[in-house]
Amino acid sequence: MNTLTWLLPAALGLLLLWMSWRYASLRRKLDAYTRTVRRAAGSEKPALELPTDTPGLEPLSNTVHSLAAAYTVQLSQLEAERARLAAILEQLTDGILIADANGLLRMANPAAEKLFGGAPLTGRSVAITLRHHQLVETWRKCQNSGEPQSETVELPATRKYLQLIALPDQNTGGVILMIQDLTHQRRLETVRRDFISNISHELRTPLASLKALAETLQDGALDDPPVARRFLARIQTEVDALTQMASELLELSRIESGQVPLELRRVSPEKLLHSTAERMKVQAERAGVSLQVECPPGLPEVRADAPRLEQVLVNLIHNGIKFSRASGEVRLSARLEGDFICCAVADTGAGIDPDDLPRIFERFYKADRARTKSGGTGLGLSIARHLVEAHGGKIWVESEPERGSVFYFTIPLA
């Protein structure tokens, strides 16, 4: 009995000591494992850094390792989705801005940065970035109402047309802004409207004249032979003008659609300029305008369709003569520029207003000076542009009002 009384407290003491040691040991392992998990939480691949063989903690280690592995898989998928989204946003031509609930930009794609100055936009406020009260108000309406909003405005400083579409971001309470640059579309609409207006104007004048002449003949002028012949001559002039317009429209349409094949051969720029000047010499003398050719000898040949290039030069020389005053001058020149020959037709005429320069090569487009001074279909420069581009060159003009114009075009070397 005495022995049992002595052994029981001793056994209990040993058990308590073992349990204390076991607890301390597990606590040290658990603390070490906790530190390992915390370090792994800051790693890009936590599942690869977590031990699975911690003595005494194998079930917990395995469970945490499985969770970390699943987290790593999900993280990889999210990173892949994020990379795809970033690639899509970078390739979009429309600007994309993502703003948080406080109105600060958290993301901006390159198109948006280009629209608003080219500087990084992340971290800036929406109001400072947009800089237009209508655009800012559209963003605020979307932010406050939680409903999509849209607005189209013209920026006076850059003369750009922008459309803003604001969509609420239900997850963050912010707003997703999509900005579309409609400047090119608006310009095309303007060109289309002007084309219809111009062709209507060009057709209305000769048709009204023909109608008036026909009615005059019907009202009795037909019985007066001298008057009838004069009226018939005017009718023929108007019909010739309409025929020329239809012919040039058809030719322009064929050139634009690629139905006019070019017969490319080696052509001497010097011979081309001199032959064209000789062809237009009589017209220049009639108008009292001097026609000069300045072309250095020995220029390399170009590969071109000589009759078509001569057509380009004739159109440019004709305009130079038409809009130059008597005793004025039209000068033809050519020079070597890299792999191209650059031809120039300069005149001392009235010049072209800066507002008209960007559209001078459009079909039927005429500056006000051209409309008041003489007729013409307004198709010559458009035909010239398409013929030059068909040769692989480009055409442009430099001009100032009252100081004349210089038309340039380039043709590749043979």
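Residues numbered from 1 in each chain as written. Predicted model: local features only at pLDDT ≥ 70, side-chain atom pairs only at ≥ 80, totals over all residues. Heavy atoms only, no water.

Trainee: Break down empty space enclosed by the protein for me, with residues and values.
Mentor: Applying the stated criterion across every chain yields a total of 1 cavity of 30 Å³ or more. What the largest cavity holds in volume is close to 30 Å³. Along its surface, the largest cavity is lined by Pro269, Leu272, Val302, Leu309, Ile341, Cys343 and Ile411. Listing elements by their share of the lining of the largest cavity, those giving two or more residues are α8 (269–287) and β10 (340–347). Along the lines of polarity and charge, the residues of the lining of the largest cavity split into 7 nonpolar, no polar and no charged. (1 Å grid on protein atoms, 1.4 Å probe; cavity = no way out; pocket = protein on both sides within 12 Å on 5 of 7 lines; lining within 4 Å. Points joined across faces, edges and corners; volume = space filled by probe spheres on them. Helix = DSSP H or I, 4+ residues; strand = E, 2+ residues; numbered from the N terminus. Nonpolar A, V, L, I, M, F, W, Y, C, P; charged D, E, K, R; others polar.)

Trainee: Tell me about the pattern of salt bridges, and name the residues and values.
Mentor: A full pass over the atoms with the stated rule returns 11 salt bridges. With its nearest N and O atoms 3.5 Å apart, the salt bridge here joins Arg403 to Glu400. Each of Glu294, Glu329 and Arg331 takes part in salt bridges that share partners, so that together they form one network. (Salt bridge = Lys/Arg side-chain N within 4 Å of Asp/Glu carboxyl O.)

Trainee: Tell me about the packing of helix α9 (residues 306–322) against helix α11 (residues 380–390), and please be specific about residues and values.
Mentor: Relative orientation and spacing of two packed helices are given, respectively, by the angle between their axes and the distance between those axes. In the contact formed by α9 and α11, the axes pass within 9 Å of each other and the chain directions differ by 145°. Note that α9 runs across α11; the crossing there is left-handed. Of α11, the residues touching α9 (which contributes Arg308, Gln311, Val312, Asn315, Leu316 and Asn319) are Gly380, Leu381, Ile383, Ala384, Leu387 and Val388. Among the residues making up the contact of α9 with α11, the classes are represented as 7 nonpolar, 4 polar and 1 charged. (Axes fitted to C-alpha atoms, helices over the stretch in contact; angles between N-to-C directions. Left-handed = near helix turned anticlockwise from the far one by under 90°. Contact = heavy atoms within 4.5 Å.)

Trainee: Can you explain unusual backbone geometry? Please cite residues and give values.
Mentor: Even without a glycine there, the phi angle at Ser327 is positive, about 70°. Position of Ser327 relative to the elements: it lies in the loop between α9 and β9 (329–337). By relative accessible area, which is 69% here, Ser327 ends up exposed. Positive phi, normally seen in glycine, also occurs at Glu402, with a value near 70°. Along the chain, Glu402 falls in the loop between β11 (395–399) and β12 (405–412). Residue class for Glu402 comes out partly exposed when judged on its relative accessible area of 46%. (Buried < 20%, exposed > 50% of the residue type's maximum accessible area, 1.4 Å probe, protein only.)

Trainee: Break down the nonpolar core for me, citing the residues and quoting the values.
Mentor: If you look at the biggest cluster of nonpolar residues, it comprises 41 residues, and the most contacted ones within it are Leu291, Ile317, Val330 and Phe409. Counting residues per element, this core draws most heavily on α9, which supplies 7 residues. Apart from the residues within four sequence positions on either side, Val330 is in contact with Val289, Ser290, Leu291, Gln292, Ile317, Gly320, Ile321, Ser324, Val345, Ala346 and Asp347. One finds Leu97, Leu135, Trp139 and Ile179 within the second-largest nonpolar core, a separate group that totals 22 residues. (Core = buried A, V, L, I, M, F, W, Y, C linked by side-chain atoms within 4.5 Å.)

Trainee: Provide a residue-level description of the sheet that holds strand β5 (residues 175–181), including the pertinent values.
Mentor: Pairing is antiparallel in the open sheet, where 5 strands are placed in the order β2-β1-β5-β4-β3. The open sheet has two edge strands with one neighbour each: β2 (105–108) and β3 (149–155). Taking each pair of neighbouring strands and ignoring which way they run, the sheet shows an average axis angle of 20°. When β3 meets strand β4 (residues 160–168), the two strands line up antiparallel, connected through 7 bridges. Looking at β4, one finds that Glu154 is bridged to Tyr161. Sheet strands in contact with helix α5 (residues 133–145) are β1 (95–99), β3, β4 and β5, and its direction is about 170° off that of β3. (Pairing = 2+ DSSP bridges.)

Trainee: Please set out the side chain of Thr276 residue by residue, giving values where relevant.
Mentor: In this fold, Thr276 is placed in helix α8. There is a polar contact of 2.8 Å between the side chain of Thr276 and the backbone oxygen of Leu272. Not counting residues within four places of it along the chain, the set of residues in contact with Thr276 comprises Glu310, Leu313, Val314 and Ile317. (Polar contact = N/O pair within 3.5 Å; in protein donor to acceptor, adjacent residues only side chain to side chain.)

Trainee: Before we move on, can you summarise the sheet that holds strand β7 (residues 290–294) with the specific residues and values?
Mentor: Hydrogen bonds along the backbone pair up the strands of a sheet, which may run parallel or antiparallel. In spatial order, the strands read β7-β9-β10-β12-β11; together these 5 strands make up an open sheet with mixed pairing. Bordering the open sheet on either side are β7 and β11, each of which pairs with just one other strand. Strand after strand, the sheet turns through a mean of 15° between neighbouring axes, direction not considered. Each of β7, β9, β10 and β12 touches α9; the most contacted strand, β12, lies at about 175° to it.

Trainee: Can you lay out the layout of surface pockets for me, pointing to particular residues and giving the numbers?
Mentor: Roughly 460 Å³ of internal volume is contained in the second largest pocket. Lining the second largest pocket we find 14 residues, and of these Arg159, Tyr161, Arg187, Thr190 and Arg359 sit closest to its centre. When residues in the lining of the second largest pocket are grouped by element, the largest group, 6 residues, is from helix α6 (residues 183–218). Partitioned by chemical class, the residues of the lining of the second largest pocket number 3 nonpolar, 3 polar and 8 charged.

Trainee: Residues and numbers for the confidence of the model for the protein, please.
Mentor: Model confidence for the protein is summarised by a mean pLDDT of 81, while 86% of its residues fall at 70 or above. In the predicted structure, residues 369–374 sits below a pLDDT of 50 and forms 15 contacts with residues beyond four places in sequence or in another chain. (pLDDT = per-residue confidence, 0-100.)

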